[in-house]
Amino acid sequence: MDEARFKIFFELTAKPLRSYILSVSRDKALSDDVFQETYVRFLQSESGPVEDAKMKSYLFAIATNILRDQWRHVSRWQIGSSDENEAATHEHHDADMGDRHSVEQALAKLTPRERSLVWLAYAEGYQHKEIAGMLHVGERSVRVLLFRAKQKLAKILDGMGIPEE
């Protein structure tokens, strides 16, 4: 990939990728490291896809794998465990803080895998088949896991007094 093409690709993918990583990791410092490492591994890969849509999926799969590796090797890592991580997650949100904060709090109560599923399906709009490839699970499993994650999220939101719409 030449420099000009990468620059365009980066501009199209950086913001959604950063949001995905931060949403799943709930840790600003970790998300910055994973973000950078994702692009490094993407550029080092010689067997990556050529089509732009598949390159974006491939990029998200790399980020997911890096996060998974991180969680396997760092046993002290806790989702949303510190006030610093919580503050860092919310520092860039100014408008519509009430609803957004409530939804972010609800998402924080999901497991990283559940957050990945919900984010990839609804924020990024990936199909189940694409998500299955990114998360290394079967397509049917994605349907079941996503259904369960949505049910869990609905219960959490209901418990917070946010009615289902």
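Refer to the structure presented above.
Overview of the structure. (Residues numbered from 1 in each chain as written. Predicted model: local features only at pLDDT ≥ 70, side-chain atom pairs only at ≥ 80, totals over all residues. Heavy atoms only, no water.)

It is worth spelling out the packing of helix α6 (residues 112–123) against helix α7 (residues 128–135) at this point. Interaxial distance between α6 and α7 falls to 10 Å at its minimum, and their mutual angle equals 140°. Taken as axis vectors, α6 and α7 run oblique relative to one another. Regarding α6 and α7, the two cross each other, and that crossing is right-handed. Along its contact with α6, which presents Ser-116, Leu-117, Leu-120 and Ala-121, the element α7 presents Ile-131, Met-134 and Leu-135. For the contact of α6 with α7, the residue count by class is 6 nonpolar, 1 polar and no charged. (Axes fitted to C-alpha atoms, helices over the stretch in contact; angles between N-to-C directions. Helix = DSSP H or I, 4+ residues; strand = E, 2+ residues; numbered from the N terminus. Parallel < 35°, antiparallel > 145°, perpendicular 65-115°, else oblique. Left-handed = near helix turned anticlockwise from the far one by under 90°. Contact = heavy atoms within 4.5 Å. Nonpolar A, V, L, I, M, F, W, Y, C, P; charged D, E, K, R; others polar.)

Let us look at the pattern of salt bridges. Oppositely charged side chains can pair when the atoms bearing their charge come close. Per the counting criterion, the structure on display carries 6 salt bridges. In this structure, Asp-32 and Arg-18 form a salt bridge, with 3.0 Å as the shortest nitrogen-oxygen distance. Here the residue Asp-32 occupies a position in helix α2 (residues 28–44), and Arg-18 occupies one in helix α1 (residues 3–25), the gap between them amounting to 14 residues. For Arg-18, a relative accessible area of 35% puts it in the partly exposed group. Two residues, Glu-139 and Arg-143, come together in a salt bridge whose shortest N-O distance is 3.4 Å. Here Glu-139 pairs with Arg-143, and both are found in helix α8 (residues 139–159), just 4 residues apart, close to one helical turn. A cluster of three or more residues bridged by salt bridges with shared partners is formed by Arg-18, Lys-28 and Asp-32. (Salt bridge = Lys/Arg side-chain N within 4 Å of Asp/Glu carboxyl O. Buried < 20%, exposed > 50% of the residue type's maximum accessible area, 1.4 Å probe, protein only.)

This paragraph deals with the packing of α6 against α8. At their nearest, the axes of α6 and α8 sit 9 Å apart, and the two run at 100° to each other. In terms of orientation, α6 lies roughly perpendicular with respect to α8. Only Val-142, Leu-145, Leu-146, Ala-149, Lys-150, Lys-152 and Leu-153 of α8 make contact with α6, whose side of the interface consists of Arg-113, Glu-114, Leu-117, Val-118, Ala-121 and Tyr-122. Looking at the contact of α6 with α8, its residues break down into 9 nonpolar, no polar and 4 charged.

Each aromatic ring pair is described using two quantities: the centre-to-centre distance and the angle formed by the ring planes. This model, assessed by the stated rule, comprises 9 aromatic pairs. Geometrically, the ring pair formed by Phe-9 and Phe-42 is stacked, given 5.0 Å between the ring centres and 15° between the ring planes. With Phe-9 in helix α1 and Phe-42 in helix α2, the pair connects residues that are 33 residues apart, well separated along the chain. Since its relative accessible area comes to 5%, Phe-9 is described here as buried. Using a relative accessible area of 8% as the deciding quantity, one classes Phe-42 as buried. Ring geometry for Phe-35 versus Tyr-39: centroids 5.2 Å apart, planes at 75°, classification edge-to-face. Here Phe-35 and its partner Tyr-39 are both found in helix α2, 4 residues apart, which amounts to about one turn of the helix. Overall, the relative accessible area of 7% leaves Phe-35 in the buried class. (Phe/Tyr/Trp six-rings, centres within 6.5 Å; stacked < 30°, edge-to-face > 60°.)

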